[in-house]
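Structural characterization, general
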Amino acid sequence: MSVIIESPRSRKRSGFNLEKYGWMYMRLSGVLLIILIFGHLFANLMVGDGIHAINFAFVAGKWADPFWQVWDVTMLVLALIHGTNGMRTLVNDYAEREWIRRTLVWLLWITCVTLIVVGILALTTFDPCGDQASLDLLAKDGANVAALCAAH
Amino acid sequence: MANRPAGTLYRGKVGMWSWVLHRITGVAIFFFLLVHVLDTALIRIDPAGYDAVMATYKTWYIGLGETGLVAAILFHALNGVRIILIDFWRKGAKFQNVMFWVVIGLAILLFAGFAPRHLINVFSHI
Ligand code: HEM
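Residues numbered from 1 in each chain as written. Chains lettered and ligands numbered in written order. Predicted model: local features only at pLDDT ≥ 70, side-chain atom pairs only at ≥ 80, totals over all residues. Heavy atoms only, no water.

Structural notes on a nonpolar patch on the surface
All names here are of chain B. A cluster of nonpolar side chains, Val-81, Leu-85, Trp-89, Phe-95, Val-98, Val-102, Leu-106 and Leu-109, forms an exposed patch at the surface whose accessible area comes to about 670 Å². At the level of secondary structure, the elements contributing two or more residues to the nonpolar patch comprise helix H3 (60-88) and helix H4 (96-123). A total of four residues in the nonpolar patch trace back to one element, the largest contributor, which is H4. Looking at the secondary structure, you find Val-102 in helix H4. (Patch = residues over 30% accessible without salt bridge, like charges linked within 9 Å, V, L, I, M, F, W, Y side chains within 5 Å. Areas by Shrake-Rupley, 256 points an atom, 1.4 Å probe, with all protein chains shown as cover. Salt bridge = Lys/Arg side-chain N within 4 Å of Asp/Glu carboxyl O. Helix = DSSP H or I, 4+ residues; strand = E, 2+ residues; numbered from the N terminus.)

Structure (structure tokens):
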């Protein structure tokens, strides 16, 4: 006589499974981040003078272009959530006391949201032509101030 | 060693070390990102301060650190693709070992494209 294994041995869980979406998010954001981060590194470090060219005027030039604005905000949001959720995995693995684990996970998400808000505010309210000191700095950094401020 | 345990599929092998490296690089990139978002956001409140911070990015020691950071990102990103393939590709688990060495090979190749360019930029201006 054969052994009868009752079926189903584990019921299929229905409903919303947050851990599963977190798992999928890590993979989906990972794929997108390859394009976003490699493009970011190429544009900032490989082209022209690379790191040596980066200053106030360089960023003002990039953020005059909606293309780089969307690029940077997307990268900011995807990378911070990916990194924070990854760090949450480590905290879950290594924190031994429940209250420490919970506190650290809260701290991670508070940091994540704060930096996303700070980053988006910095980019969206950025005005490199708003005052004389900024205009002087643009000129000192070697920007074509008239063209740049016309674009902003 | 004579009486070495026959071993497991995982411990001490590529599976374990790729995981360790993925974890360490992930944490390193995370902490860099925290700093990097703040130093970039500084541009909104203090443009001259931003240029001052960027001046430190142009020193040889931060330049070297950034070279290491890019190496970490290259490994993490490529090994991330390997993880995704293990999860979703039917033969992923079977080829995880080969794929690790492909990851290392590609990372070295891309790093060889990046490092000279970056280091020349760093060291030709100090
Ligand atoms: C460049 C593209 C990237 C790809 C393809 C990628 C891919 C992945 C994948 C597939 C995982 C595994 C998730 C899991 O096991 O559920 C992971 C984990 C992780 N990633 Fe990324 N990632 C990328 C960028 C980043 C960035 C920018 C950060 C930091 C801000 C980061 C930090 C982490 C951390 C901390 C973990 C957790 C490691 C662990 O659980 O051991 N990654 N990544």
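Details of the environment of Trp-71 of chain A
All names here are of chain A. Tracing the chain through its elements places Trp-71 in helix H3 (residues 66-94). Judged by its relative accessible area of 16%, Trp-71 is buried. Setting aside residues up to four positions removed in sequence, Trp-71 forms contacts with Ile-35, Leu-36, Gly-39 and His-40. (Buried < 20%, exposed > 50% of the residue type's maximum accessible area, 1.4 Å probe, protein only. Contact = heavy atoms within 4.5 Å.)

Section: the nonpolar core
Core analysis: the largest hydrophobic core is formed by 33 residues, its most contacted members being Leu-45, Ile-51 and Leu-138 of chain A together with Ile-43 of chain B. Listed by contribution, the elements that provide at least two residues to this core are helix H1 (18-46), helix H2 (56-62) and helix H5 (132-140) of chain A together with helix H1 (14-45), helix H2 (47-57), H3 and H4 of chain B. Residue contributions to this core peak at six residues, all from H3 of chain B. Non-local contacts of Leu-45 of chain A, meaning those with residues more than four positions away in its chain, are made with Gly-50, Ile-51 and Ile-54 of chain A together with Glu-66, Val-70, Phe-114, Arg-117, His-118 and Asn-121 of chain B. Formed by 23 residues, the second largest nonpolar core is a distinct cluster that contains Ala-43, Leu-78 and Val-105 of chain A together with Leu-33 of chain B. (Core = buried A, V, L, I, M, F, W, Y, C linked by side-chain atoms within 4.5 Å.)

Here's the deal with the state of the cysteines
Working definition: the covalent bond between the sulfur atoms of two cysteines is a disulfide. All names here are of chain A. The tally for this structure, following the rule as stated, stands at one disulfide over all chains. The disulfide that involves Cys-129 links it to Cys-149, with 1.9 Å between the sulfurs. Negative torsions about the S-S bond denote left-handed disulfides, and the value of about -95 degrees found for Cys-129 with Cys-149 makes this one left-handed. On the criterion of sequence distance, the pair formed by Cys-129 in the loop between helix H4 (98-124) and H5 and Cys-149 in helix H6 (residues 145-151) is long-range, its members being 20 residues apart. (Disulfide = S-S within 2.5 Å.)

As for the interface of chain B and chain A
At the junction of the two partners, chain B supplies 40 residues and chain A supplies 43 residues. Surface buried jointly by chain B and chain A totals about 3400 Å² across both partners, of which 74% is contributed by carbon and sulfur atoms. The largest contributions to the chain B side of the interface with chain A come from Arg-23, Phe-30 and Lys-58 of chain B, which together make up 17% of the buried area. Counting across the interface, chain B meets chain A through two salt bridges. The shortest N-O distance in the salt bridge between Arg-23 of chain B and Asp-93 of chain A comes to 2.7 Å. In this assembly, chain B and chain A are joined by eight residue pairs in polar contact (both at pLDDT 80 or more). Mapped onto the side of chain B that touches chain A, the elements with two or more residues apiece are H1, H2, H3 and H4 of chain B. Here the side of chain B that touches chain A takes 14 residues from H1 of chain B, the largest share from any one element. Residues that form the side of chain B that touches chain A fall into these classes: 26 nonpolar, seven polar and seven charged. (Buried area = accessible area lost by both parts, 1.4 Å probe. Polar contact = N/O pair within 3.5 Å; in protein donor to acceptor, adjacent residues only side chain to side chain. Nonpolar A, V, L, I, M, F, W, Y, C, P; charged D, E, K, R; others polar.)

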